[in-house]
Amino acid sequence: MGYLQEQSMYLSARPAIKTSPGHVYDPTAPKTTEKQIISKEQGHEQSEGASDEVIYKIDIPANRYDLLCLEGLVRGLLVFLGKRLTYSERLMSLHDSSALTEGANSSHRGKLAKATCLIRPHAVAAVLRNVTFTKERYNSFIDLQDKLHQNICRKRSLVAIGTHDLDTIKGPFVYNAQPPADIKFKPLNQSKEFSGSEIMELYSAKVVLDTLVCMFSEYCSEKYEVEACQVVQPDGAIVTYPELEYRQELVDSTRTNQYIGISETPSQLAALLGKMCLKTEVTAEGSLKVEVPPTRHDIIHACDVYEDVAIAYGYNNIKKTVPRTSTIAAQLPVNKLSDQLREEIAQAGFTEALTFSLCSSDDISTKLNRHIKDVPAVLISNPKTLEFQVARTTLLPGLLKTLAANKKMPLPLKIFEVSDVILRDISTEVGARNERRLCAVNCNKSPGFEVIHGLLDRVMTLLEIPKSVDKNIVGYYLQATDDPAFFPQRCAEVVVNGRVIGRMGVLHPDVITSFDLALPIACLEINVETFV
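Quantities reported herein were computed from a predicted structural model and do not represent experimental measurements.

On a plain count of helices and strands, the chain comes out with 15 helices and 24 strands. About 30,300 Å² of surface is accessible on the chain, with carbon and sulfur atoms providing 53% of the total.

So, in structure tokens, the structure goes:
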């Protein structure tokens, strides 16, 4: 679930939650005020009249959907402090047959149309009856819905939540897919009806449903009671939701202690899990039988239970010990060599640049007078922007873009980069490999081929690679070659011990102009891993 976003919440002294998605967490300022937030984001003048009440910021882990609203956060704190029963005991009525009731008629039935399956193949539903919503409760409900949309719903790409007032609509319902212009309804907090196209301009399904139901069923006239709904699949199968499934997870207490580094009895471990809203019993063998409620969909494996034990115990309370296996850390040889080269090249008068690992397909093909089919590039399957379509196969485009962004700087412009490129390689396990390279460019009124050549000689001197006069002797030498990215008869291959490790020369005018540059440029790019 590494893709999920961590959520931020602001908790004031009063029972209110305030969020600021664009606010960056500052460890030196764990608390703030509404006035400070507005002043920082909108300016000091806009903060006039805002509250000076202290608001505490709480970071919620991305996998704890049950803590994304004030109701869930307060419950979690009360259970942790032992002032309230666990989720399992409080929400058990949701799982009882008397509480999870199916409608006597078909009014609570929803049909999933075949056309919808192409876009949304699954649908779930539930009813919370006689809900009492104050303005604060309603805002909290909408806020949770929005956080779920941004988090597990992947900005509505996986799941879309719809909430309706059952007093104003009547079933049975059909979940159908229609052209945007044919869809008309009045969204929440809006006073007029919109079409689907206008809505677009305006602004894992069971997990989302369970979270919403469990968080806000306490506002029903019969607390923690929910009515089930039926969803008719296109094949005619009828599925009842919500499931609100409670499952058992058997965990070894000895292994739990070993993994965390503590020495607690099974009873003490059960008490710690109870603080994390996980009802736990100790078996006769000393194992832990953990009941996972429908609010804890983040508990997937026994490792998740170990993590909750560690959190309840307190990471700071775990005794620090020396590892049983002693190892001595060492820098990777290729990284050590890279750092040494960076320092020496900088002392030679070049400025280091750090460019993006992703680029457009044109940057490594068309702009370099090459065809994309001839480039061993790794393609991004679903790029968000045209600037990041492929993984770079050469460091040259990034440096040329850097030159284009610094054309106002005084000449000469001498920059370099020592970084990885990614090359498609079917012989490797993942189908691609990294290669550490050194690339340097010189931009001036004249190409400055001698500057780049001098840099190559300096690097080889530092690496103690002698210059070879005879190709059969160990050392390095240059041999002429043709490359469409370079000016004709102004390109050479760098050969070390009989192996081609890179190229150097004067860039072709078409390449220079394609990167919005006008001055001649000489460049060098070699494989550094050869010397490790």
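What follows covers the sheet that holds strand β15 (residues 288–292). Across the sheet, which stays open at both edges, the three strands sit in the order β13-β15-β14 with antiparallel pairing between neighbours. Of all strands in the sheet, those bounded by a partner on one side alone are β13 (247–251) and β14 (279–282). On average, each strand axis in the sheet is inclined to that of its neighbour by 25 degrees, with strand direction left out of account. With four bridges joining them, β14 and β15 adopt antiparallel strand pairing. Residue pairing for β15: K279 is matched across the bridge by E291. On the sheet, helix α11 (residues 302–313) packs against β13 and β15 and is oriented at approximately 75 degrees with respect to β13.

This part takes up the packing of aromatic side chains. Enumeration over the complete set of coordinates arrives at eight aromatic pairs. Geometrically, the ring pair formed by F133 and F141 is tilted, given 5.6 Å between the ring centres and 45 degrees between the ring planes. Assessed through its relative accessible area of 34%, F133 is described here as partly exposed. Take F141: its relative accessible area is 8%, and that puts it in the buried class. Note on F133 and Y219: the rings are 6.2 Å apart at their centroids and 75 degrees apart in plane angle, and the pair reads as edge-to-face. Through pairs of rings, three or more aromatic residues link up here, namely F133, Y138, F141, F216 and Y219. Geometry around F80 places K275 over its ring, the cationic atom sitting 4.3 Å from the centre. Looking at K414, its charged tip hangs above the ring of F350, at a distance of 5.1 Å from the centre.

Once that is clear, we can look at the packing of helix α12 (residues 333–347) against helix α14 (residues 449–462). The interhelical angle for the contact between α12 and α14, taken along N-to-C directions, is 135 degrees, at an axis separation of 11 Å. As summarised for this structure, α12 and α14 are arranged oblique, according to the angle between their axes. The element α12 and its partner α14 pack so that their crossing is right-handed. On the side of α12, the interface is formed by L341, E344 and I345, while α14 contributes L455, R458, V459 and L462. In the contact of α12 with α14, the residues fall into five nonpolar, no polar and two charged.

Relative orientation of the contacting elements helix α6 (residues 135–150) and helix α8 (residues 206–216) amounts to 160 degrees, with a least axis distance of 11 Å. With respect to α8, the axis of α6 lies roughly antiparallel. Pair α6 / α8 crosses with right-handed handedness. The residues of α8 that touch α6, namely those facing R137, S140, F141, L144 and L148, are V208, T211, L212, M215 and F216.

Strand order in the open sheet made by the seven strands is β16-β19-β20-β24-β23-β22-β21, with mixed pairing throughout. Looking at strand neighbours, the two that pair on one side only are β16 (351–352) and β21 (476–480), the edges of this open sheet. Running over the sheet, α14 touches β19 (413–424), β20 (432–443), β21, β22 (486–496), β23 (499–507) and β24 (521–527) and is turned about 155 degrees from β23.

Below, the discussion takes up the pairing of strand β11 (residues 227–232). Counted residue by residue, β11 has six buried out of six residues, so it is predominantly covered. Residues E227, C229 and V231 line one face of β11 and the alternating positions A228, Q230 and V232 line the opposite face, and both faces are buried. Bridge analysis of strand β6 (residues 109–112) against β11 gives three bridges, and the strand direction is parallel. Residue pairing across strands places K111 opposite V232, the latter belonging to β11. Summarising the sheet, strand β7 (residues 126–127) and β11 pair through two bridges and their orientation is antiparallel. Its bridge partner being in β11, A126 is matched across the sheet by A228.

Attention shifts here to the nonpolar core. One finds L144, L148, I152, C153, V208, L212 and F216 to be the most contacted residues of the largest nonpolar core, which totals 28 residues. Of all the secondary structure elements, the ones that give two or more residues to this core are α6 and α8. Take this core: its biggest share by element is eight residues, from α8. Look past the residues within four positions of V208 in its chain and what remains in contact with it is L148, I152, C153, V159 and I161. If you look at the next biggest cluster of nonpolar residues, it comprises 25 residues, including I345, V418, I452 and L456.

Next up on the list: the pattern of salt bridges. A full pass over the atoms with the stated rule returns 21 salt bridges. Across the pair R370 and D483 runs a salt bridge whose closest N-O atoms are separated by 2.9 Å. Placement of R370 in the loop between β17 (358–359) and β18 (390–391) and of D483 in the loop between β21 and β22 is noted, with a sequence separation of 113 residues between them. What makes R370 partly exposed here is its relative accessible area of 31%. Linked by salt bridges that have partners in common, D425, R433, E435, R437 and E525 make up one network.

What follows concerns unusual backbone geometry. Each neighbour pair has its own omega, and for Y241 with P242 the value is 0 degrees, a cis peptide bond. A cis amide bond, omega -5 degrees, links L411 with the succeeding residue P412. Tracing the backbone through its elements, the reader meets P412 in the loop between α13 (396–405) and β19. Positive phi is not limited to glycine here, since L244 has a value of about 45 degrees. Structurally, L244 is set in the loop between β12 (238–241) and β13. Its identity as a non-glycine residue notwithstanding, Q489 has a phi of 60 degrees, on the positive side. With respect to the helices, strands and loops of the structure, Q489 is situated in strand β22. You can call Q489 exposed: its relative accessible area is 71%.

Basis of the calculations
- Residues numbered from 1 in each chain as written.
- Predicted model: local features only at pLDDT ≥ 70, side-chain atom pairs only at ≥ 80, totals over all residues.
- Heavy atoms only, no water.
- Helix = DSSP H or I, 4+ residues; strand = E, 2+ residues; numbered from the N terminus.
- Areas by Shrake-Rupley, 256 points an atom, 1.4 Å probe, with all protein chains shown as cover.
- Pairing = 2+ DSSP bridges.
- Axes fitted to C-alpha atoms, helices over the stretch in contact; angles between N-to-C directions.
- Contact = heavy atoms within 4.5 Å.
- Phe/Tyr/Trp six-rings, centres within 6.5 Å; stacked < 30°, edge-to-face > 60°.
- Buried < 20%, exposed > 50% of the residue type's maximum accessible area, 1.4 Å probe, protein only.
- Lys NZ or Arg CZ within 6 Å of the ring centre and 35° of its normal.
- Parallel < 35°, antiparallel > 145°, perpendicular 65-115°, else oblique.
- Left-handed = near helix turned anticlockwise from the far one by under 90°.
- Nonpolar A, V, L, I, M, F, W, Y, C, P; charged D, E, K, R; others polar.
- Core = buried A, V, L, I, M, F, W, Y, C linked by side-chain atoms within 4.5 Å.
- Salt bridge = Lys/Arg side-chain N within 4 Å of Asp/Glu carboxyl O.

Read these as spatial facts, not as claims about activity.
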